[in-house]
Amino acid sequence: MIAFPEIPGVEIPILLLVFMGFTVGIVGGFIGVGGGFLVTPALIVLGFPANFAVGTDTTHIAGKSIIATLRHSQLGNVDLKLGLIMAISAVAGAEGGVRFIDWLEARGLDEKVVLAASLILMTAIGFLTFRETMAARKRMNELKAAGKAIPRDETTSGLAKKLQSITMWPMIWLPTSRVSVSFWTVSVIGGFTGFLSGFFGVGGGFIRVPAMIYLLGMPSLIAVGTDLFSIIVSSGYATVRHGMSHNVVVLAAFIMIFGAAIGAQIGALGTAYVRGPAIRLLLVVAVTFGAASAAVKLADVLTNESLVVLDIASKIIMFGGMATLVSLIMGLVGLALLSRRRGAAPSWAEALVVAS
Amino acid sequence: MGKRTKAAIQAAILAALMGLLAWHTISWHIDGTHKELFDAIGNSTWDTAKGVFYNLGLMAATGVLLGMFSEKITDLFGYEVKKIDHFGDQEETPAVADLTARREAALAEQAAERAEEQVVEPVR
């Protein structure tokens, strides 16, 4: 057990902190999200006040993202130029989002409206990503049936091509993603996704990864690595902001990062064994848990925090989310390894794992 | 020096640095320096910068050291990390074929020019 002088009375088993870092490291390394939707509620359950939970988690995410990005860059999954533009514009957008919500709240905006909007946004992202991923999977299966090689990734959305056709100066060439796009398109998308994450208080990864895939036309694996690089910048900025507000217990973040280092290796290296749709399906699962968490929070606010059942439900969602995501990732990687040994993947998983 | 030996030495150096960083963090926690830094935030610009950038610096140093250490460990175990071929057969093949055709056309054009020069030269 370890006590933190910054928060008197809170004692947490060290191994539990390491384990939390480990699970969020796997999830973040694999689908390119920070993992705040898992760790922040877990820290609150362990006795951290909400502000300390958010600040400490953000600080740990900054370090964890460096570890995952280093590995992703070895795998060729990081588009540095795009990541930097996205990160800077996302930070500016997030700052704008936070200030805008403060401004609205000062004028009487109800918390319920924000929570409901956040729930709708996550549900929409989850639903649209799921629908598109299933269509992409179907197309990949058709290619296989036609005797053609299954590509590493496939998307059916035509939105990216439309946005790439905007040729407003200056145009930037992204060799890693093989995309030519206007600087302003990237900046607006980065700024808008940052604004949404700042406004709703949900992690940027949930919004940024699908935006990079569907709006910029990047392969899913590059979107994951690039988003993790962006998170280094955005969570680094958030670490400074939370530090200034006395919200960071640096030792807790330091302990968690050791677990995250191992988890991030499994998550990042796991991407080498899967195809784009697998990443997107896992993202859908994560967004679904995020939406469920927002729904419970909304119900809690609507009932004036009077129902104990909602408290239990939030814990089930959090621990269930961790367990489900880690099991699915490990299952996919295990399936890919098994398929490599056999020389072929089962027909239902051909569009998900790489067997050769 | 073999690749694995090199990786082992680098991993040992990084592990030693990680050990030093862990020792520093634990000793500052025990002697109360972390709490002092935390409490001083907001007292003055210098105290705030010290407290805030210490957090950021510690995370960055830990992240970089652990990330590099993990890379060396996989090298040590002989696990080869290859760059993922994101585009595979989709675009590479037509692009290469196209380039080959263009190169062949350019070479044929050059050869035709040379032949033409050789024919013209004796007349001069």
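Residues numbered from 1 in each chain as written. Chains lettered and ligands numbered in written order. Predicted model: local features only at pLDDT ≥ 70, side-chain atom pairs only at ≥ 80, totals over all residues.

1. Some points on the overall build of chain B
And step 1. Tallying secondary structure elements over chain B gives four helices and zero strands in all.
And step 2. Taken from N to C terminus, the helices and strands of chain B fall in the order α-α-α-α.
And step 3. The buried share of chain B, taken over its 124 residues, is 15%.
And step 4. The long-range fraction of contacts in chain B, counting pairs at least 24 apart against all pairs at least 6 apart in sequence, stands at 66%. (Helix = DSSP H or I, 4+ residues; strand = E, 2+ residues; numbered from the N terminus. Buried ≥ 20, exposed ≤ 12 C-beta atoms within 10 Å, placed from the backbone. Contact = placed C-beta atoms within 7 Å.)

2. Looking at the overall build of chain A
And step 1. A count of helices and strands for chain A gives 12 helices and four strands.
And step 2. The C-alpha atoms of chain A give 20 Å as radius of gyration, which agrees with the globular expectation for 356 residues (21 Å, within 12%).
And step 3. By principal-axis analysis of the C-alpha atoms, chain A measures approximately 65 × 50 × 35 Å.
And step 4. By residue count, 57% of the 356 residues in chain A fall in the buried class.
And step 5. Counted over contacts in chain A with a minimum sequence separation of 6, partners at least 24 positions apart contribute 78%. (Rg over C-alpha atoms; globule rule 2.2 N^0.38 Å.)

3. A word on the pairing of strand β3 (residues 171-174) of chain A
All names here are of chain A.
And step 1. Here β3 pairs with strand β4 (residues 179-182) via four bridges, running antiparallel. Residue Met171 lies in a different strand from β4, and its bridge partner there is Ser182.
And step 2. Here β3 folds back onto β4 in antiparallel fashion, the turn holding four residues, of which Arg178 has a positive phi close to 55°. (Pairing = 2+ DSSP bridges.)

4. Let's talk about the packing of helix α5 (residues 111-145) of chain A against helix α11 (residues 276-302) of chain A
Residues and elements named next belong to chain A.
And step 1. For the pair α5 and α11, interaxial distance at closest approach is 8 Å and the crossing angle is 160°. By the angle between their directions, the pair α5 and α11 is classed as roughly antiparallel. Crossing of α5 against α11: the hand is left-handed.
And step 2. Its residues assigned to classes, the contact of α5 with α11 comprises 18 nonpolar, seven polar and five charged. (Axes fitted to C-alpha atoms, helices over the stretch in contact; angles between N-to-C directions. Parallel < 35°, antiparallel > 145°, perpendicular 65-115°, else oblique. Left-handed = near helix turned anticlockwise from the far one by under 90°. Nonpolar A, V, L, I, M, F, W, Y, C, P; charged D, E, K, R; others polar.)

5. Side note on the environment of A:Thr56
Residue and element names in this part refer to chain A.
And step 1. Here Thr56 lies in helix α3 (residues 50-74).
And step 2. Sequence separation between Thr56 and Lys315 is 259 residues; the distance between their C-alpha atoms is 19 Å.
And step 3. When sequence neighbours within four positions are dropped, the list of residues in contact with Thr56 reads Leu43, Phe48, Val248, Val249, Ala252 and Ala253.

6. With respect to the interface of chain B and chain A
And step 1. In this complex, chain B contributes 32 residues to the contact, which on the side of chain A involves 37 residues.
And step 2. Top element by residues in the side of chain B that touches chain A is helix α3 (residues 45-76) of chain B. It accounts for 16 residues.
And step 3. A class-by-class count of the residues in the side of chain B that touches chain A yields 13 nonpolar, 14 polar and five charged.

7. Description of α11(A)
And step 1. In a regular helix each residue adds 1.5 Å, so 27 residues correspond to 39 Å; α11(A) covers 39 Å between its end C-alpha atoms and thus fits that length.
And step 2. Phi for A:Asn304, located one or two positions after α11(A), is positive at around 55°. (Expected span 1.5 Å × (residues − 1).)

8. Regarding the packing of helix α1 (residues 14-31) of chain A against α11(A)
A pair of packed helices is characterised by two quantities: the angle between their axes and the separation of those axes.
Residue and element names in this part refer to chain A.
And step 1. Following both chains from N to C, one finds α1 and α11 inclined at 130°, their axes separated by 9 Å at the closest point. Classed by the angle they form, the pair α1 and α11 counts as oblique. As α1 packs across α11, the resulting crossing turns out to be left-handed. Within the contact between the two elements, α1 uses Val27, Phe30 and Ile31 and α11 uses Ile279, Leu282, Leu283 and Ala286.
And step 2. Here the contact of α1 with α11 is composed, by residue class, of seven nonpolar, no polar and no charged.

9. Observations regarding the confidence of the model for chain B
Residues and elements named next belong to chain B.
And step 1. With 81% of its residues at a pLDDT of 70 or more, chain B has an overall mean of 85.
And step 2. The spread of mean pLDDT over the elements of chain B runs between helix α4 (residues 88-120), the lowest at 63, and α3, the highest at 96.
And step 3. Counting contacts from residues 90-97, a segment whose pLDDT is below 50, to residues more than four positions away or on other chains yields two contacts.
And step 4. As a predicted assembly, this complex carries a pTM of 0.88 together with an ipTM value of 0.89. (pLDDT = per-residue confidence, 0-100.)

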